[in-house]
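Each chain, letter by letter, is given below.
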Amino acid sequence: MSLHHGKQSTVDFAARVRGNQRKLRDGLTSQYDFIVCGSGSSGSVVARRLAENPNVSVLLLEAGGSDEAPIVTEAARWVENLGSERDWKFVGQPNSHLKGRSMPSRRTRMRRNPNRSYVRVPNPAH
């Protein structure tokens, strides 16, 4: 596979995703049987399982905005998300073993899946 073919494939996929998102937005209604908040790993599974029943309507909400930004799509720039508008800025409880300090607990706001990341960094707050 040539490099150009790989880029074209990525562009085609992105166009299909945008088209699908547009179609889904156009299909929004004012009432749902179930509303699932958060499209992380668990929320996505719960929404999918509920949607298996053709007699119910399910809305899956995510707080994140578009993740079509270089600081999201370019792996080397992941650190730029820390402290940005994509960071929930959660902080753990003060810890006596840390002389009363609190540790940040990084979580991102990203559409599709907030657990999506290019790196895994140890989180001492967990």
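Residues numbered from 1 in each chain as written. Predicted model: local features only at pLDDT ≥ 70, side-chain atom pairs only at ≥ 80, totals over all residues. Heavy atoms only, no water.

### Notes on the pairing of strand S2 (residues 58–61)
Test applied: Strands are treated as partners if at least two bridges between them are detected by DSSP. Here a helix means four or more residues in a row that DSSP labels H or I, a strand means two or more in a row labelled E, and each is numbered from the N terminus. Whether a crossover is right-handed depends on one test, that the path from the first strand over the helix to the second runs clockwise when the strands point away from the viewer.
Where strand S1 (residues 34–37) and S2 come together, 4 bridges link them in parallel fashion. Bridge assignment links Cys 37 to a residue of S2, and that residue is Leu 61. For the handedness criterion, the β-α-β arrangement of S1, helix H2 (residues 41–51) and S2 is classed as right-handed.

### Quick notes on the side chain of Asp 87
Convention followed: Only protein chains enter the accessibility calculation, which uses a 1.4 Å probe; a residue is then buried when its area is under 20% of its type maximum, exposed when over 50%, and partly exposed in between. Pairs of N or O atoms within 3.5 Å make up the polar contacts considered here, provided that, within protein, one atom can donate a hydrogen while the other can accept it, and that residues adjacent in sequence are counted only when both atoms are side-chain atoms. By definition in these notes, contact holds between two residues if any of their heavy atoms fall within 4.5 Å.
Position of Asp 87 among the secondary structure elements: in the loop between helix H3 (70–73) and strand S3 (90–91). Its relative accessible area of 2% is what places Asp 87 among the buried residues. In this structure the side chain of Asp 87 is engaged in a polar contact, spanning 2.8 Å, whose partner is the backbone nitrogen of Gly 83. Excluding its chain neighbours within four sequence positions, the residues that come into contact with Asp 87 are Asn 81, Leu 82, Arg 106, Arg 107 and Arg 109.

### Comments concerning the packing of aromatic side chains
Each aromatic ring pair is characterised by the separation of its centres together with the angle its planes make. Condition: For this analysis, a ring pair means two rings from Phe, Tyr or Trp (six-membered ring only for Trp) whose centres lie within 6.5 Å, classed as stacked if their planes differ by under 30 degrees, edge-to-face if by over 60, and tilted for the remaining angles.
A full pass over the atoms with the stated rule returns 1 aromatic pair. With a centroid separation of 6.0 Å and an interplanar angle of 10°, the aromatic rings of Trp 88 and Phe 90 are classed as stacked. Residue classification places Trp 88 among the partly exposed residues on the basis of a relative accessible area of 32%. On the basis of relative accessibility, which here comes to 42%, the residue Phe 90 falls in the partly exposed class.

### Remarks on the confidence of the model for the protein
Put simply, the rule is: Confidence of the predictor in every single residue is expressed as pLDDT, which spans 0 to 100.
Of all residues in the protein, 79% have pLDDT values of 70 or greater, and the mean over the chain is 80. Averaged pLDDT values over the elements of the protein bottom out at 77 in helix H1 (residues 3–26) and peak at 95 in S1.

### Brief notes about the pattern of salt bridges
Applicable threshold: One speaks of a salt bridge when a side-chain nitrogen belonging to Lys or Arg is within 4 Å of a carboxyl oxygen belonging to Asp or Glu.
By the definition in use, this model includes 4 salt bridges. Linking Arg 49 and Glu 52 is a salt bridge whose minimum nitrogen-to-oxygen distance equals 3.5 Å. Looking at Arg 49, the relative accessible area reads 58%, which means it is exposed. What makes Glu 52 partly exposed here is its relative accessible area of 45%.

### Things to note about unusual backbone geometry
Even without glycine at this site, Lys 89 takes up a positive phi of about 60°. Examined against the element boundaries, Lys 89 turns out to sit in the loop between H3 and S3. The backbone of Lys 99 sits at a positive phi, close to 60°, despite the residue not being glycine. Along the chain, the position of Lys 99 falls in the loop between S3 and strand S4 (104–105). For Lys 99, a relative accessible area of 79% gives the class exposed.

### Some thoughts on the environment of Val 46
Note on placement: Val 46 falls in helix H2. The exposure class of Val 46 is partly exposed, given its relative accessible area of 42%. Taking C-alpha positions, Val 46 is 9.4 Å from Leu 60, a pair spaced 14 residues apart along the chain.

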